[in-house]
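Per-entry structural report
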Amino acid sequence: MEFQVDRGALADAVAWAARTLPSRPALPVLAGLLVEATGDGELTLAAFDYEVSARARITVADGLTVTEPGRVLVPGRLLAEIVRNLPPQPVQVALKGAEAVVTCGSAEFGLLSLPVEDYPGLPEPPVHAGTVPGGVFADAVAQVTPAAGRDDTLPMLTGVRIDIEGATMRMACTDRYRIAVRELAWTPARDDFSAGIVVPARTLADTAKAIRPGAEVAIGLSGTGAALLGVSGGGRSMTTRLLDDQFIDYRSRLTGMWSTTVRVRTAPFVEAVKRVALVTERSTPVRLAFGSGRVLIRAASGDSARANESLPAALDGEEIDIAFSPQYLLDGLAGVRTEFARLQCTGPTKAALLTAVPDPEKDTGASEAEVPDDAFPPDPGGDTGYHYLAMPVRLAS
């Protein structure tokens with residue numbers, strides 16, 4: 001095997017495949033990256049650990065020239081480190097005996113190959129289910145995965161629940177103390193397509209972060225044998241085994257009669273919460289007191305430190321004093337992509353719902369400087385499809 005390729009294209013492809021490599025592989029060969037060059041001018045880099053597979057494809061458009069087809073299994077993490085640190089010049093890779101030789105400019109590395117015959121066969125791509133714009137998909141995953149649990153003894157809580165009904169896709173995560181949901185439009189392969197699956201949140205988050213900007217993402221689902229989800233786009237693809245599809249009825253928990261509805265400007269509110277949270281210790285909440293036209297944000301760490309800051313707010317309903325874990329509150333606000341955030345409550349001990357207020361049509365006749373910070377336009381109602389339900393911290397009486 002021998003080929004030459006642009007260093008940037010190789011580094012990007014190796015990084016995509018190598019991110020799924022296990023830190024403690026059950027078998028030595030699972031630490032390897034499978035590199036395969038074909039006679040028709042295509043290079044594939046792949047990794048697989050029996051749970052997650054990742055493939056990256058490079059073509060002649062990426063400066064690839066295949067001199068001799070072949071395949072080799074090399075230590076994946078080491079190859080990723082080497083390629084990332086190579087100078088910006090074409091990279092030559094050649095198999096010489098049991099050694100894969102990587103040459104770039106005056107730099108040369110020799111990697112002892114692993115037994116490729118012992119490497120497991122990669123799973124077949126799942127059946128195509130539909131497509132979604134890559135940016136929309138990545139944004140939705142980033143909005144919900146902070147709410148996923150980290151306790152592997154409760155697999156359901158470590159996953160992203162994906163419900164598909166026709167042209168609507170919903171993603172949801174929960175760790176029992178909060179629920180994050182995002183609804184988005186996608187293009188199904190069939191108008192009557194429906195599915196309900198749970199995908200490992202960490203795997204989906206890593207995949208979404210690495211999706212190429214502007215790529216159209218294809219979603220595949222397979223229920224034969226081991227159920228799989230496939231995500232592909234821009235010459236990159238991955239598959240992952242699904243978790244048990246048991247999940248809470250999250251939709252019923254997002255509705256209710258709210259006695260208090262508050263709107264704040266998202267960016268100033270986030271910055272104020274971050275500042276006030278500087279004095280908090282672990283398990284110390286940030287308190288939000290919503291009154292007429294203002295929200296008072298405050299926190300204290302025993303007698304050693306305290307902080308408070310007030311901001312304009314639009315209040316509809318009863319005044320309320322409610323407290324949240326600062327990180328939970330900031331995680332929820334990070335998913336709000338609009339100028340205004342809406343918080344709906346029914347009391348200081350009941351779950352509160354955070355949504356993003358849809359941005360109004362831009363008024364080209366007025367500049368932003370002419371709109372005072374304490375002026376709040378009428379609530380247009382509705383939301384952007386993002387919902388974040390969080391349990392407050394019970395305040396001492």
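Each remark here, short or long, concerns the structure printed above.
A few words now on the overall build of the chain. Helices and strands together make up the secondary structure of the chain, namely 6 helices and 27 strands. Taking the principal axes of the C-alpha coordinates as reference, the chain spans close to 75 × 50 × 50 Å. A buried classification covers 47% of the 397 residues belonging to the chain. Here the chain has roughly 19300 Å² of accessible surface; of this, 51% comes from carbon and sulfur atoms. In the chain, 37 side chains carry a positive charge and 49 a negative one; their mean positions are 5 Å apart.

Here we come to the sheet that holds strand E13 (residues 178-185). Across the sheet, 9 strands lie side by side as E15-E11-E12-E13-E27-E26-E25-E19-E23; this open sheet has antiparallel pairing. Both edges of this open sheet fall to strand E15 (194-200) and strand E23 (314-317), since each of them pairs with a single strand only. Put simply, the sheet's adjacent strands are angled 15° from each other on average, direction ignored. Helix H5 (residues 266-276) contacts strand E19 (260-265) and strand E25 (340-345) of the sheet and is inclined by roughly 90° relative to E19.

Quantified by volume, the largest pocket comes out at close to 640 Å³. If you go around the largest pocket, you meet 23 residues; those closest to its centre are Asp 152, Pro 200, Ala 201, Arg 202 and Thr 203. Of all the secondary-structure elements, those providing two or more residues to the lining of the largest pocket are helix H4 (201-210) and strand E18 (236-241). Here the lining of the largest pocket gets 5 residues from one element, more than from any other, and that element is H4. Its residues assigned to classes, the lining of the largest pocket shows 9 nonpolar, 6 polar and 8 charged.

Another point: the packing of H5 against helix H6 (residues 326-334). One way to put it is that H5 packs onto H6 with a least axis distance of 10 Å and a crossing angle of 160°. In terms of orientation, H5 lies roughly antiparallel with respect to H6. For the crossing formed where H5 meets H6, the hand is left-handed. Within the contact between the two elements, H5 uses Thr 266, Phe 269, Val 270, Val 273 and Lys 274 and H6 uses Leu 329, Leu 330 and Leu 333.

Glancing now at the side chain of Thr 174. With respect to the secondary-structure elements, Thr 174 resides in strand E12 (residues 168-174). A relative accessible area of 3% places Thr 174 in the buried class. Looking at Thr 174, its side chain comes within polar contact range of the main-chain nitrogen of Arg 176, at 3.1 Å. There is a polar contact of 2.7 Å between the side chain of Thr 174 and the backbone oxygen of Arg 178. Residues within four places of Thr 174 in sequence aside, it is in contact with Ala 147, Ala 148, Gly 149, Leu 157, Ile 179, Phe 247 and Ile 248.

Within H5, the full set of buried residues consists of Thr 266, Phe 269, Val 270, Ala 272, Val 273 and Val 276. End-on, the buried residues of H5 take up no more than an arc of 165°, which puts them together on one face. Those residues of H5 hidden inside the fold are in contact with E19, strand E20 (286-291), strand E21 (294-301), strand E22 (305-312), H6 and E25.

In a beta sheet, neighbouring strands are held together by backbone hydrogen bonds and run either parallel or antiparallel to one another. Pairing in this open sheet of 5 strands is antiparallel, and the strands run E5-E1-E7-E8-E9 from one edge to the other. The open sheet has two edge strands with one neighbour each: strand E5 (65-68) and strand E9 (107-112). Recorded for the sheet is a direction-independent mean angle of 15° between the axes of neighbouring strands. Of the pairings in the sheet, the one linking strand E8 (residues 99-104) to E9 comprises 6 bridges and is antiparallel in character. Bridging across to E9, Cys 104 finds its partner in Ala 107.

What follows concerns the packing of aromatic side chains. As enumerated under the stated definition, the model contains 4 aromatic pairs in all. On the basis of an interplanar angle of 50° and a centroid distance of 5.5 Å, the ring pair of Phe 48 and Tyr 50 is categorised as tilted. Residue class for Phe 48 comes out buried when judged on its relative accessible area of 9%. When the centroid spacing of 6.2 Å and the interplanar angle of 80° are considered together, the rings of Phe 247 and Tyr 250 count as edge-to-face. Given the relative accessible area of 3%, Tyr 250 is considered buried. Here the basic side chain of Arg 178 rests over the ring of Tyr 328, its NZ or CZ set 3.9 Å away from the ring centre.

A few words now on the nonpolar core. Formed by 107 residues in total, the largest nonpolar core has its most connected members in Leu 45, Phe 137, Met 171, Leu 288, Phe 290 and Ile 297. The leading source of residues in this core is helix H1 (residues 7-18), at 7 residues. Discounting residues that sit within four places of it in the chain, Phe 137 has contacts with Val 132, Met 171, Leu 204, Ala 208, Ile 211, Ile 219 and Val 231. Counting 9 residues, the second largest nonpolar core, distinct from the first, contains Ala 172, Val 198, Phe 247 and Leu 353.

About the criteria used
- Position labels on residues start from 1 in each chain and follow its written sequence.
- Only residues with pLDDT of 70 or above have their local features reported here, since the model is predicted, and side-chain atom pairs are shown and tallied only from 80 upward, although totals for entire chains, interfaces and linings are computed over all residues.
- Each side-chain value is worked out from all heavy atoms of the structure, with water and hydrogens disregarded.
- Strands here mean DSSP runs of E at least two residues long; helices mean DSSP runs of H or I at least four residues long; both are numbered from the N terminus.
- When a residue's accessible area, from a 1.4 Å probe over protein chains only, is under 20% of the maximum for its type it is buried; when over 50% it is exposed; and in between it is partly exposed.
- Where accessible areas are quoted, they stem from the Shrake-Rupley method and a 1.4 Å probe; at the residue level, only the protein chains shown are allowed to cover.
- In this charge count, Lys and Arg are treated as positive and Asp and Glu as negative; neither His nor the chain ends contribute.
- Charge positions are represented by NZ for Lys, CZ for Arg, CG for Asp and CD for Glu.
- When DSSP locates at least two bridges between a pair of strands, those strands are taken to pair.
- Between N-to-C directions, angles span 0 to 180 degrees; the directions come from axes that are lines fitted to C-alpha atoms, helices contributing only their stretch in contact.
- Note on contacts: a residue pair qualifies if any of its non-hydrogen atoms lie within 4.5 Å across the two residues.
- In this analysis, the protein atoms alone were mapped onto a 1 Å grid. Cavities are point sets where a 1.4 Å probe fits without being able to get out; pockets are open sets with protein on both sides within 12 Å along at least five of seven lines; lining residues have an atom within 4 Å of a point.
- Grid points are joined across faces, edges and corners, and a volume is the space filled by probe spheres set on the points.
- Lys, Arg, Asp and Glu make up the charged group, whereas Ala, Val, Leu, Ile, Met, Phe, Trp, Tyr, Cys and Pro make up the nonpolar group; the residues left over, Gly among them, are polar.
- Relative orientations are named as follows: roughly parallel for angles under 35 degrees, roughly antiparallel for angles over 145 degrees, roughly perpendicular for angles from 65 to 115 degrees, and oblique for any other angle.
- Crossing handedness is defined as follows: a turn of the near helix away from the far one that is anticlockwise and smaller than a right angle gives a left-handed crossing, while the clockwise case is right-handed.
- Contacts described as polar in this section are N or O atom pairs within 3.5 Å, which, within protein, must combine one atom able to donate a hydrogen with one able to accept it, while residues neighboring in sequence count only if both atoms come from side chains.
- The directions from the helix axis to the C-beta atoms form the arc being described.
- Stacked, tilted and edge-to-face pairs are distinguished by plane angle, under 30 degrees for stacked and over 60 for edge-to-face with tilted covering the rest, among Phe, Tyr and Trp rings (Trp via its six-membered ring) whose centres lie within 6.5 Å.
- Charges are assigned to positions over rings by a cutoff of 6 Å between ring centre and Lys NZ or Arg CZ, combined with an angular limit of 35 degrees from the ring normal.
- In this text, buried Ala, Val, Leu, Ile, Met, Phe, Trp, Tyr and Cys residues form a nonpolar core when linked through side-chain atoms within 4.5 Å.

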